[in-house]
Amino acid sequence: MPSIAFDALDYCADQTFAKARYRYDGDEVRGYVVERDGKEILRLGPGFRLLRVQHCGVCSTDLARHFLPFPLPQVIGHEVVAKDADGVRYVVEINASHAARGVAQDCPFCAAGLPTHCPQRVTLGIHDLPGGFGPWILAPVHACIRVPDAVPDSAAVLVEPFAAALHGVRTIAPKDGERIAVLGPRRLGMLAVAALAGVRRERVRVGGGFDVAALVRDPALLPLAREFGATEARLTTGADAPSPQSYDVVIDTTGNPDGLDLAVSFARREVHLKSTHGRPASSLRHLTELVVDELAIARFPLTEPAHNDAPWDRLRTGARPRVAWLAAAEPPAWLLARAEVMRGSAASIAARCDAIRDGLPRADVAVVDSAAGVDQAIRPREGREEALIRPRGDILVLPSADVGNSPLLCAVRDRGLRLSSSRCGEFEPALQLLASDPDLARIGDKLVTHRFGANELQAAFAVAKSRECIKAVVSQTTEEGS
Ligand SMILES: [Zn+2]
Ligand SMILES: [Zn+2]
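Residues numbered from 1 in each chain as written. Chains lettered and ligands numbered in written order. Predicted model: local features only at pLDDT ≥ 70, side-chain atom pairs only at ≥ 80, totals over all residues.

The next thing to look at is the domain arrangement of the protein chain. Along its sequence, the protein chain is organised into domain 1 (4-146 + 442-475) and domain 2 (164-421). Domain 1 and domain 2 are separated by 28 Å when their C-alpha centres are compared. Counting residues at the interface gives 18 residues for domain 1 and 20 residues for domain 2. If one sorts the elements of the side of domain 1 that touches domain 2 by residue count, helix 16 (residues 443-447) sits on top with three residues. Residue composition of the side of domain 1 that touches domain 2, by class: 12 nonpolar, three polar and three charged. (Domains from an automatic or database assignment. Contact = placed C-beta atoms within 7 Å. Helix = DSSP H or I, 4+ residues; strand = E, 2+ residues; numbered from the N terminus. Nonpolar A, V, L, I, M, F, W, Y, C, P; charged D, E, K, R; others polar.)

Quick look at the structure:
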């Protein structure tokens with residue numbers, strides 16, 4: 001494929017769009033150089049394929065993009081349906097990890113089966129890699145997933161958020177008889193309702209099942225939530241509002257810092273955070289980064305845990321979990337006997353972890369006694385987007401912690417609530433579920449309320465932020481490029 005040049009709209013830090021001239025020079029074997037207005041902005045190694053964008057969904061991450069810690073301007077958009085030169089339809093997983101590019105390199109994260117947490121990654125339409133609101137993308141070869149014929153474009157364009165929703169559902173692992181609620185279902189949240197309903201239908205077929213509740217602020221969304229498969233739909237305020245701790249698990253999809261405290265009040269065993277709004281919430285600065293790293297916050301065990309409780313179960317294989325102890329109190333004797341306890345400031349422990357060569361250069365668990373300690377465990381070093389603990393690791397709050405007035409941390413400390421989080425999901429299982437369930441194959445017809453051409457991004461974003469819009473999709477209508 002020869003080089004290609006095209007015009008695209010950059011998203012800028014002041015939330016406007018500006019036209020820029022892009023050029024991709026290279027090929028799948030040599031890699032690509034990306035130029036903006038004649039200047040090199042990105043050099044990509046081998047393993048990227050040039051695809052022509054068909055459709056790209058607008059999601060809450062796009063609307064909050066200026067809050068995220070990645071450089072702007074950039075062509076954004078990451079919910080992409082694209083075609084190759086032969087007209088084959090693909091959806092594209094967004095993380096350009098070593099694994100996704102199919103390049104053999106020594107990467108502890110890709111080797112540990114955590115390619116979505118690969119530190120080398122750039123991310124389609126979010127971090128450096130030009131996204132799907134432009135006419136052409138460079139997609140990692142193993143991230144291009146063929147769309148089955150049974151899945152129409154209207155559902156395929158929702159695969160990225162649907163896979164993320166399904167991954168969240170798998171993470172909370174609903175038990176039979178439980179009540180699972182989705183708080184604030186709109187864009188991502190309606191897909192969480194749909195994913196829960198799809199998993200519930202599978203479960204009902206084998207004699208189990210759980211309740212799926214949709215908790216909304218806007219009465220207009222009640223019928224839509226039922227259409228997506230909610231067994232219960234109710235308002236979060238007024239006479240019908242749920243009483244405290246009415247649900248076993250609440251998935252917070254509000255995309256709003258205030259949503260978290262509400263989710264905490266409604267949840268018994270777990271709150272699952274799907275919001276990446278980039279703003280502080282519940283007295284914590286780094287909750288978006290917590291979601292990016294798929295970390296969890298839980299209470300430090302009140303008594304010595306059984307040997308098969310994660311993360312202490314690693315002892316059975318001979319590996320000692322690495323515990324970053326950020327609290328002032330002394331660690332209990334059972335912990336010192338069972339784990340490698342690292343003490344000091346979060347930054348100094350992170351520096352020591354850099355030198356780890358056997359496995360991930362991170363601690364497995366952090367133990368904290370304050371809200372500041374939680375933030376330090378998530379981002380121990382200013383200006384470095386690296387957690388103290390490994391992806392999907394736990395931050396444990398001591399029962400004696402002083403957590404100020406953070407409703408989340410009070411609930412963790414006082415009643416053992418768990419906060420979990422998840423980000424991207426795998427596309428293959430999501431596509432299979434969409435292809436096998438006729439109700440789910442039609443989700444696009446129900447969810448997408450507004451469509452725009454590629455030159456209408458400013459209007460698309462204005463409408464996507466409005467109450468009347470649930471999901472907006474931008475389609476490439478003009479033939480561009482040379
Ligand atoms: Zn998205
Ligand atoms: Zn990697």
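This next bit is on the sheet that holds strand 1 (residues 4-11). Reading across from one edge, 1-2-3-4 is the order of the four strands in this open sheet, with antiparallel pairing throughout. The sheet is open, and its two edges are formed by strand 1 and strand 4 (39-44), each paired on a single side. Across the sheet, the axes of successive neighbouring strands diverge by a mean angle of 30°, strand direction being ignored. Examined bridge by bridge, strand 2 (residues 17-27) and strand 3 (residues 31-36) share six bridges and lie antiparallel to one another. Looking at the pairing, D27 lines up with G31 of strand 3. (Pairing = 2+ DSSP bridges. Axes fitted to C-alpha atoms, helices over the stretch in contact; angles between N-to-C directions.)

As a packed pair, helix 8 (residues 257-266) and helix 13 (residues 407-415) sit with axes 9 Å apart at the nearest point and diverge in direction by 25°. On the basis of their axis angle, the class for helix 8 and helix 13 is roughly parallel. Considering how the two elements wind past one another, helix 8 and helix 13 form a crossing that is left-handed. For the pair formed by helix 8 and helix 13, the contact residues are L260, D261 and V264 on the first element and P407, L408 and A411 on the second. Partitioned by chemical class, the residues of the contact of helix 8 with helix 13 number five nonpolar, no polar and one charged. (Parallel < 35°, antiparallel > 145°, perpendicular 65-115°, else oblique. Left-handed = near helix turned anticlockwise from the far one by under 90°.)

All right, on to the pairing of strand 7 (residues 89-92) then. For a regular strand, the rule is simple: side chains alternate between the two faces of the sheet. Sheet topology note: the strand 6 (residues 79-83)/strand 7 ladder contains three bridges and is antiparallel. Bridged to K83 within strand 7 is R89.

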